[in-house]
Amino acid sequence: GNINDMGRGTSQLIPLVKIAPRCPSEAAMGGINGSVVLELLVNESGRVDTIKIKQARPSRIFNKEALKAVRRWQFKPKSVDNFAISSILVFFASS
């Protein structure tokens, strides 16, 4: 290929389906606010492959609902030179 064409056909990760996490009943009844920072690995098909909880405040209360929502997300995968590649995304959710 031509060196001048390198980088053409490159795109960023684009969210297509993004489900908002529900507030857990324990937090809603107790008036508890919090946040969760998640690291997602999105595969070449645009599906979330792995999720790591990087930070949660308060710990554990919001984790289950955040994970449940993010597992359902779908993306147009990132591409480089028109080839889909896996990507890492850091997501912050708060309530």
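Counting restarts for each chain, with residues numbered from 1 along the sequence as it is written. Given that the model is predicted, a residue must reach a pLDDT of at least 70 before its local features are reported, and side-chain atom pairs must reach 80 or more before they are shown or counted; all residues, however, enter totals for whole chains, interfaces and linings. Water and hydrogen atoms play no part in the side-chain values, which are based on all heavy atoms of the structure.

Trainee: Would you explain the overall build of the protein chain in this entry?
Mentor: Each helix and strand counted, the protein chain has two helices and seven strands in total. Listed N to C, the secondary structure of the protein chain is β-α-β-β-α-β-β-β-β in terms of helices and strands. What you see for the protein chain is a C-alpha radius of gyration of 17 Å, clearly larger than the 12 Å of a compact globule of 95 residues, by over 25%. Here the term buried applies to any residue with accessible area under 20% of the maximum for its type, exposed to any over 50%, and partly exposed to those in between, with areas from a 1.4 Å probe on protein chains only. Looking at the protein chain as a whole, 33% of its 95 residues are labelled buried. Counting from the N terminus, the helices are the DSSP runs of H or I reaching at least four residues and the strands are the DSSP runs of E reaching at least two. Using C-alpha atoms as the atom set, the radius of gyration is obtained and then compared with a globule rule of 2.2 Å times the number of residues to the power 0.38.

Trainee: Explanation requested: the sheet that holds strand 7 (residues 87-94) in the structure shown.
Mentor: Strands pair in a sheet through their backbones, by hydrogen bonds, and they do so in one of two ways: parallel or antiparallel. DSSP-based pairing: two strands are paired if at least 2 bridges between them are found. Reading across the sheet, the three strands line up as 3-2-7 and stay open at both edges, with antiparallel pairing between neighbours. A single partner strand is all that each edge strand has here, and the edge strands are strand 3 (48-57) and strand 7. Each adjacent strand pair in this sheet contributes to an overall mean axis angle of 20 degrees, direction not counted. Pairing analysis gives eight bridges linking strand 2 (residues 35-42) to strand 3, with the strands arranged antiparallel. Looking at strand 3, one finds that Glu 39 is bridged to Lys 52. Axis geometry follows a simple rule: fit a line to the C-alpha atoms, using only the stretch in contact for helices, then measure angles between N-to-C directions, giving values from 0 to 180 degrees.

Trainee: Honestly, the nonpolar core in this entry has me stumped. Any pointers?
Mentor: Where a protein is soluble and globular, its nonpolar side chains tend to be buried together. In this structure, Val 36, Leu 38, Leu 40, Val 70, Trp 73, Phe 75 and Phe 91 are the most contacted members of the largest nonpolar core, which totals 17 residues. Elements with a contribution of two residues or more to this core: strand 2, strand 3, helix 2 (63-70) and strand 7. Every residue in contact with Phe 91, bar those within four places of it in the chain, is listed here: Lys 18, Val 36, Val 37, Leu 38, Val 70 and Trp 73. Nonpolar cores were defined as sets of buried Ala, Val, Leu, Ile, Met, Phe, Trp, Tyr and Cys residues, with membership established by side-chain atoms within 4.5 Å. Only heavy atoms enter the contact rule, under which two residues are in contact if any of them lie within 4.5 Å.

Trainee: Explanation requested: the confidence of the model for the protein chain in the structure shown.
Mentor: Parts of the prediction with low pLDDT should not have their coordinates interpreted in detail. When pLDDT is averaged along the protein chain, the result is 88; 91% of the residues meet or exceed 70. In this model residues 1-7 is a low-confidence stretch, pLDDT under 50, and it forms three contacts with partners more than four residues away in sequence or in other chains. pLDDT is a residue-level measure of predictor confidence that goes from 0 to 100.

Trainee: Quick question: what am I supposed to make of the side chain of Asn 43 here?
Mentor: As for its position among the elements, Asn 43 is in the loop between strand 2 and strand 3. Residue classification places Asn 43 among the buried residues on the basis of a relative accessible area of 13%. Here Ser 45 takes part through its backbone nitrogen, which lies 2.8 Å from a polar atom of the side chain of Asn 43. Apart from residues lying up to four places away in sequence, Asn 43 is in contact with Asp 49, Pro 77, Ile 85 and Ser 86. By the criterion applied in these results, polar contacts are pairs of N or O atoms within 3.5 Å in which, for protein atoms, one can donate a hydrogen and the other can accept it, and in which residues neighboring in sequence qualify only through two side-chain atoms.

Trainee: What is the right way to look at the pairing of strand 2 in this model?
Mentor: Look at any regular strand and the pattern is simple: side chains alternate between the two faces of the sheet. Across the eight residues of strand 2, seven count as buried, placing the element largely inside the fold. Here strand 2 folds back onto strand 3, and the loop between the two strands holds five residues, one of which, Gly 46, carries a positive phi near 90 degrees.

Trainee: I'm lost on unusual backbone geometry in this one. Help?
Mentor: Glycine aside, residues mostly have negative phi, and peptide bonds are mostly found in the trans state. Each neighbour pair has its own omega, and for Arg 57 with Pro 58 the value is -15 degrees, a cis peptide bond. Topologically, Pro 58 is positioned in the loop between strand 3 and helix 2. Not every positive phi belongs to a glycine, and Asp 81 is a case in point at roughly 50 degrees. Within the secondary structure, Asp 81 is located in the loop between strand 5 (78-80) and strand 6 (83-85). Phi is positive for Asn 82, close to 65 degrees, though the residue is something other than glycine.

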